[in-house]
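Single-letter residue listing:
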Amino acid sequence: MGINQKRYDLIAVVFLFLMAMILEYREAFSLLEDETLSFRQILRIHYADEYLTSPSEEVIVVYTDEAFYEEYDKYPLTRVDLATLISRLSDMGVAVIGVDMLLDFNSAYGEDPVLEEALENAGNVLMVSQAQISDEDEFLGLNTAIDRFEAVTNHGYSNISSSSTISESITRLRIYEQIAQEIDEWPFAVETVSMYLGEEPELSDNTLRIGPDIEVALDQFNQMYIDYPLLPGSGSNTLRHHEVSGISAADVLFAEDEYELEELSYIFEGTIVLIGEVAEVAHDEFETPVGNVYGVSVIANTIDTILKSGPLKPASLMLELIVGFLLLAVFLATRKIQNPLPRNAVSAGVLIAYVVLSTLLYVSHGLVLSMIYMIIAMILSIIVINARFYASEMGQKTMIRDMFGQYLSPKVVEDLVDDPTKLSLGGEEREMTAFFSDVAGFSTISENLTPSELVHVLNDYLTEMCNIIIGLEGTVDKFEGDAIIAFWGAPTVQPEHARLACFASIDMNDRLVELRDKWVAEGIPQLKVRMGLNSGPMVVGNMGSLQRMNYTIMGDAVNLAARLEGANKAFGSRMMISESTYRACESEIDARELDTIRVVGKSEPVTVYELLNRKNQTAGNIADLAEQYARGLAAYRDMDFSGAKDIFERCLEIVPGDGPAETFVQRCQAFIENPPGNEWDRVFTLTEKG
């Protein structure tokens, strides 16, 4: 039996490594491998040669962003103004003008002849196209700009996508050999470099060549690794690529005289210019190893990578096999070590050495050696050699209870157990209530706590809050640091979702008062929590892919709830609800009307209320405060700012430090000094999210 066990052990280890090599070649775990690429790329941009990690000066992004459209006062960029932009860039000596806009429909305003003339006169414009690829990876056709534009420009396809069906991270550029052979069409970045150098691209033996100087090594799927650059800044303050290697379209389009254009020509002359969107409304942002990057910046980084002859080079199949068999030999040898401590020490040491070596080769020499496949094979081999067996997989109902029991009420979990189809991919629109909460100044609080204290406080807070949400049949969507996102009305239908959400918010606020006393006794700063609620139509369901789903909500009503949480900051309030939530359960709650506001990102005003308590449970000075506040708000809206200020100051005598009253005292004083005109709409517009 011992001999059979040894043979089984040997066969299992050999099988694991052979499977790792096969899966490595087929790239079956791109999601995990891309995570290692992100880790290695971050190290590379900080420690590799500065020439390789710096953004190219040969590629400039001319971008349209929110600031541009605010000045432009319309959206999107008209084709007439795009023509002006192209003409001016051409006059300034730009070598290649790349337009990252798919103009595949005729203008309804008769602008096409003007743009066509500008494109023809420039003679060096490359327009984006889209390659249509089937699920079987077959080329079906090309979606290009309209005929009149295509006739006077070059084009290249820009199908930016992840190499993984799960991960969205853009690490490589795919060059479709079939498209190159059948119609001589190339990716946008490749075609740009081809026009820039005046050389035709060639693809053979997993190598891209453009002229005598450019030779880029590709992987077995003809994919080129994109070498993202180091950008100035640190953490959340890191600049975006277009802020470093870009110029706003406004600087070119709104230039008032030839002198301004002549100054710009020193920057643009002889360069590659990409015209593209970096505005949120364009939804052209992609996840990459270095964070979220706009599509036009991904193209710019790809062009830069090609111009540098692809500094990141995939390891050859032969090298990958040699490494795999060497690791296999080492792990087979560890089977002869009887003592588990040295055996596992050797195995762990080899695993760590492999990770370090792969990282060093990537950072210093740009050699991309697959990492995750061998790591998995080594970890599983350690488990097999030590005769550790995995527990059998849980059944479907057990899995659902374990997955959802922590953030759904028992009633909802049992409903899912009875009908697992509710977990299928997809969503439906329902009337629901969304809840967002956040701890005010949590970053400052966390700086004053040790890591163990921070974990204790955060776990204590989140546990107590979630118990209340679940106890009132709510669903905890997710945690984002100290923030909680929850909703009522799904997965089971809850006609009284607004009431339940308001009651939960009131109970959480009350529980926080008790927790603050406990934390103060422990020497921990008090947590002040802001909450935002909104009711309305939302899409709820499992969002994501078939491999990875998240039961969540989305929609404008959800976004408004998030904005109301942040809007508390402007009023010094704690629990802000929308008018729709208030109207849905006004017979069940006490609330005071705060104001009518216009939140960031929304043009329509919304009346907001501060949630006080369950119906008829607001008493004492809070009740007096609410009555006085209502009188002050009425006077304020009647433009009696002096009278309103006096009333709000009386509010502060009733409850010193009341945030909304203090806010209106300051606002009334400002209007006394600078009265608004007759066109004043009584709406307060927030300028920040909170």
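In this text, all values refer to a predicted model and were calculated from it rather than measured experimentally.

Trainee: Which residues make up the overall build of the protein chain, and what values do they have?
Mentor: Along the protein chain, the regular secondary structure elements total 26 helices and 25 strands. With respect to the three principal axes, the spread of C-alpha positions in the protein chain is 85 × 80 × 45 Å. Evaluated residue by residue, the protein chain yields a buried proportion of 50% over its 690 residues. Partitioning the contacts of the protein chain with sequence separation of at least 6, the portion at a separation of at least 24 is 72%. Surface accessibility of the protein chain: about 33000 Å² in total, with carbon and sulfur atoms responsible for 52%. Across the protein chain, the centroid of the 48 positively charged side chains sits 11 Å from that of the 107 negatively charged ones.

Trainee: Which residues make up unusual backbone geometry, and what values go with them?
Mentor: With an omega of -5°, the peptide bond between Tyr 75 and Pro 76 qualifies as cis. Along the polypeptide, Pro 76 turns up in the loop between α4 (66-72) and α5 (79-91). Residue Ala 490 is joined to Pro 491 through a cis peptide bond whose omega torsion reads 0°. Mapped onto the elements of the fold, Pro 491 is located in the loop between β19 (483-488) and α21 (497-521). One non-glycine residue, Met 639, lies in positive phi territory at about 70°. According to the relative accessible area criterion, Met 639 is partly exposed, its value standing at 28%. A positive phi angle, near 65°, is found at Arg 682, a position not held by glycine. As for its position among the elements, Arg 682 is in the loop between α26 (659-673) and β25 (684-685).

Trainee: Please provide a residue-by-residue account of the nonpolar core, values included.
Mentor: Counting 42 residues, the largest nonpolar core has Phe 435, Tyr 461 and Trp 488 as its most contacted members. A total of 11 residues in this core trace back to one element, the largest contributor, which is α21. Once residues within four sequence positions are removed from consideration, Tyr 461 is found in contact with Ser 437, Val 439, Asp 482, Ile 484, Leu 512, Trp 519, Leu 527 and Val 529. Counting residues in hydrophobic clusters, the runner-up holds 41 residues, among them Ala 180, Leu 208, Ile 210 and Leu 218.

Trainee: Provide a residue-level description of the packing of helix α9 (residues 188-197) against helix α13 (residues 295-307), including the pertinent values.
Mentor: Orientation of α9 relative to α13, taken along the N-to-C sense of each, is 50°, at an axis distance of 9 Å. The angle between α9 and α13 falls in the class oblique. For the pair α9 and α13, the crossing hand works out as right-handed. Here Phe 188, Ala 189, Val 190, Thr 192, Val 193 and Tyr 196 of α9 lie close against α13, whose contacting residues are Ile 299, Thr 302, Ile 303, Ile 306 and Leu 307. Grouping the constituent residues of the contact of α9 with α13 by class yields 9 nonpolar, 2 polar and no charged.

Trainee: Could you give me a rundown of the confidence of the model for the protein chain, with the residues and numbers involved?
Mentor: Considering every residue of the protein chain, the mean pLDDT works out to 86; 90% of them sit at 70 or more. Counting interchain partners and residues more than four positions distant, the pLDDT-below-50 stretch residues 1-6 has 1 contact. Across residues 388-396, where pLDDT falls below 50, the model places 7 contacts with residues more than four positions away in sequence or in other chains.

Trainee: Got a sec to walk through the layout of surface pockets? Specific residues and values, please.
Mentor: When its volume is computed, the largest pocket comes out at roughly 990 Å³. Along its surface, the largest pocket is lined by 21 residues, and Glu 66, Glu 280, Val 281, His 283 and Arg 563 are the ones closest to its centre. Where the lining of the largest pocket is concerned, the elements lending two or more residues are α4, β14 (291-294) and α22 (556-571).

Trainee: Give me the lowdown on the pattern of salt bridges, citing residues and values where you can.
Mentor: All chains considered together, the criterion is met by 25 salt bridges. In this structure, Arg 430 engages Glu 428 in a salt bridge whose closest nitrogen and oxygen atoms are separated by 2.9 Å. According to the relative accessible area criterion, Arg 430 is buried, its value standing at 15%. The shortest N-O distance in the salt bridge between Asp 658 and Arg 592 comes to 2.7 Å. Placement of Asp 658 in the loop between α25 (641-654) and α26 and of Arg 592 in strand β23 (residues 589-598) is noted, with a sequence separation of 66 residues between them.

Trainee: Provide a residue-level description of the pairing of β14, including the pertinent values.
Mentor: In this sheet, β14 lies alongside strand β13 (residues 285-288) in antiparallel orientation, the contact comprising 4 bridges. By the bridge assignment for β14, Glu 285 is matched with Tyr 294. Between β13 and the antiparallel strand that follows it, β14, lie 2 residues.

Trainee: Lay out α13 in plain terms, naming residues and giving numbers.
Mentor: The terminal C-alpha atoms of α13, which comprises 13 residues, lie 19 Å apart, in line with the 18 Å expected from a rise of 1.5 Å per residue. Of all 13 residues making up α13, 13 are buried, and the element is well covered by its neighbours. One or two residues past the end of α13 sits Ser 309, with phi positive at roughly 60°.

Trainee: Provide a residue-level description of the packing of helix α14 (residues 317-334) against helix α16 (residues 372-385), including the pertinent values.
Mentor: At their nearest, the axes of α14 and α16 sit 11 Å apart, and the two run at 15° to each other. When the interaxial angle is binned, α14 and α16 end up roughly parallel. Where α14 crosses over α16, the handedness of that crossing is right-handed. Of the residues in α16, those touching α14 at Gly 324, Leu 327, Phe 331 and Thr 334 are Met 374, Met 378, Ser 381, Ile 382 and Ile 385.

Trainee: Hey, could you go over a negative patch on the surface for me, with residue numbers and the actual values?
Mentor: Judged by side-chain charge, Asp 91, Glu 256, Asp 257, Glu 258, Glu 262 and Glu 263 come together as a negatively charged surface patch. It is helix α12 (residues 258-268) that contributes the most residues to the negative patch, 3 residues altogether.

Trainee: Describe the packing of aromatic side chains, listing the residues and the values that go with them.
Mentor: One pass over the full model with this rule turns up 22 aromatic pairs. Both rings, one in Phe 571 and one in Phe 664, keep their centres 6.4 Å apart while their planes meet at 40°; by these two values the pair is tilted. Of this pair, Phe 571 sits in helix α22 while Phe 664 sits in helix α26, and the two are 93 residues apart along the sequence. Phe 664 matches Phe 571 in its accessibility class, with the two residues each being buried. A connected cluster of aromatic rings, assembled from ring pairs, spans Phe 571, Tyr 629, Tyr 636, Phe 641, Phe 648, Phe 664, Phe 671, Trp 680 and Phe 684. Across from the ring centre of Phe 664, 4.3 Å away, lies the NZ or CZ of Arg 667, which sits over that ring. Taking the ring centre of Phe 684 as reference, the NZ or CZ of Arg 667 above it sits at 4.0 Å.

Trainee: Which residues make up the environment of Asp 205, and what are the values?
Mentor: Residue position: Asp 205 is located in the loop between β7 (201-204) and β8 (207-210). Considered as a pair, Asp 205 and Asn 222 are 17 residues apart in the sequence and their alpha carbons are 9.0 Å apart.

Trainee: If you had to explain a nonpolar patch on the surface to someone new, which residues and values would you point to?
Mentor: Taken together, the side chains of Phe 15, Met 19 and Ile 22 define a hydrophobic patch exposed on the protein surface, amounting to about 280 Å² of accessible area. Along the polypeptide, Met 19 turns up in helix α1 (residues 2-26). Judged by relative accessible area, which is 30%, Met 19 ranks as partly exposed.

Trainee: I'd love a proper account of the environment of Leu 10, names of residues and values included.
Mentor: Position of Leu 10 among the secondary structure elements: in helix α1. Owing to a relative accessible area of 36%, Leu 10 belongs among the partly exposed residues under this scheme. On a C-alpha basis, the gap between Leu 10 and Arg 335 in space is 8.3 Å, while along the polypeptide they are 325 residues apart. Among all residues touching Leu 10, those that are not within four sequence positions of it are Leu 332 and Arg 335.

Definitions and cut-offs
Residues numbered from 1 in each chain as written. Predicted model: local features only at pLDDT ≥ 70, side-chain atom pairs only at ≥ 80, totals over all residues. Heavy atoms only, no water. Helix = DSSP H or I, 4+ residues; strand = E, 2+ residues; numbered from the N terminus. Buried < 20%, exposed > 50% of the residue type's maximum accessible area, 1.4 Å probe, protein only. Contact = heavy atoms within 4.5 Å. Areas by Shrake-Rupley, 256 points an atom, 1.4 Å probe, with all protein chains shown as cover. Lys, Arg positive; Asp, Glu negative; His and termini not counted. Charge placed at Lys NZ, Arg CZ, Asp CG, Glu CD. Core = buried A, V, L, I, M, F, W, Y, C linked by side-chain atoms within 4.5 Å. Axes fitted to C-alpha atoms, helices over the stretch in contact; angles between N-to-C directions. Parallel < 35°, antiparallel > 145°, perpendicular 65-115°, else oblique. Left-handed = near helix turned anticlockwise from the far one by under 90°. Nonpolar A, V, L, I, M, F, W, Y, C, P; charged D, E, K, R; others polar. pLDDT = per-residue confidence, 0-100. 1 Å grid on protein atoms, 1.4 Å probe; cavity = no way out; pocket = protein on both sides within 12 Å on 5 of 7 lines; lining within 4 Å. Points joined across faces, edges and corners; volume = space filled by probe spheres on them. Salt bridge = Lys/Arg side-chain N within 4 Å of Asp/Glu carboxyl O. Pairing = 2+ DSSP bridges. Expected span 1.5 Å × (residues − 1). Patch = residues over 30% accessible without salt bridge, like charges linked within 9 Å, V, L, I, M, F, W, Y side chains within 5 Å. Phe/Tyr/Trp six-rings, centres within 6.5 Å; stacked < 30°, edge-to-face > 60°. Lys NZ or Arg CZ within 6 Å of the ring centre and 35° of its normal.

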